[in-house]
Amino acid sequence: MKKNNENVWHTNTDLGCDIKTILHSDRKMKVGKDYQGVLKLDQEGTIDEFLSRDPHYTFIETLPWSMKRNPRVFNGKYISVTRQDDGTYRLNFKPLKTGEGFNLEHYALGVYRELHKALEGLIGK
């Protein structure tokens, strides 16, 4: 809604909010760069007589080769994680290559480490 070159805020604009970013391409967001991803409302803002808290959002950058439907939000050596349309996460195991030199304990530990890293970044501690 712009009227006579005056800035008028839309009703769906959050003027004060906290955003946590989880990026794959950069360490920090860069000015003017577009990021493809998923924005999720973690906590609604509250305003009462004694407390005022801004809403809290989490932005998760999806990897550039992911499709819009079920975007990949984590891609590791052993697993990947996709976000479903209903907001849930799906764990996807990559093909298991058994053969000479395969170590089950090394593989299981690698899966655990990636799973821990992915979930810690997506849903916190």
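As a reminder, the structure under discussion sits directly above these lines.
The sections below set out a description of the structure shown in this document. (Residues numbered from 1 in each chain as written. Predicted model: local features only at pLDDT ≥ 70, side-chain atom pairs only at ≥ 80, totals over all residues. Heavy atoms only, no water.)

Focus: the overall build of the chain
Of regular secondary structure, the chain possesses one helix and ten strands. A buried classification covers 25% of the 125 residues belonging to the chain. Look at the contacts in the chain between residues 6 or more apart in sequence, and 42% of them connect residues 24 or more apart. Carbon and sulfur atoms make up 52% of the accessible area of the chain, which amounts to about 10200 Å² in all. (Helix = DSSP H or I, 4+ residues; strand = E, 2+ residues; numbered from the N terminus. Buried < 20%, exposed > 50% of the residue type's maximum accessible area, 1.4 Å probe, protein only. Contact = heavy atoms within 4.5 Å. Areas by Shrake-Rupley, 256 points an atom, 1.4 Å probe, with all protein chains shown as cover.)

Side note on the side chain of Thr58
Residue position: Thr58 is located in strand S7 (residues 56-61). Relative accessible area serves as the criterion here: at 4%, Thr58 is assigned to the buried category. When neighbours within four sequence positions are excluded, Thr58 is seen to be in contact with Lys20, Ile22, Val38, Leu39, Lys40 and Asp42.

Thoughts on the packing of aromatic side chains
Tallied over the full model, the rule gives two aromatic pairs. One aromatic cluster is present, built from ring pairs that chain together Tyr78, Phe102 and Tyr107. (Phe/Tyr/Trp six-rings, centres within 6.5 Å; stacked < 30°, edge-to-face > 60°.)

A few points about the nonpolar core
Within the largest apolar cluster, eleven residues are counted, these being Ile22, Ile60, Val73, Phe74, Tyr78, Ile79, Val81, Tyr107, Val111, Ala118 and Leu122. The element best represented in this core is helix H1 (residues 104-123), accounting for four residues. Residues in contact with Ile60, not counting those within four places in the same chain, are Ile22, Gln36, Gly37, Val38, Val73, Tyr89 and Leu122. (Core = buried A, V, L, I, M, F, W, Y, C linked by side-chain atoms within 4.5 Å.)

Thoughts on the pattern of salt bridges
Tallied over the full model, the rule gives two salt bridges. Residue Asp26 pairs with Lys30 through a salt bridge whose shortest N-O separation is 3.5 Å. Residue Lys33 pairs with Asp26 through a salt bridge whose shortest N-O separation is 2.9 Å. Given the relative accessible area of 13%, Asp26 is considered buried. (Salt bridge = Lys/Arg side-chain N within 4 Å of Asp/Glu carboxyl O.)

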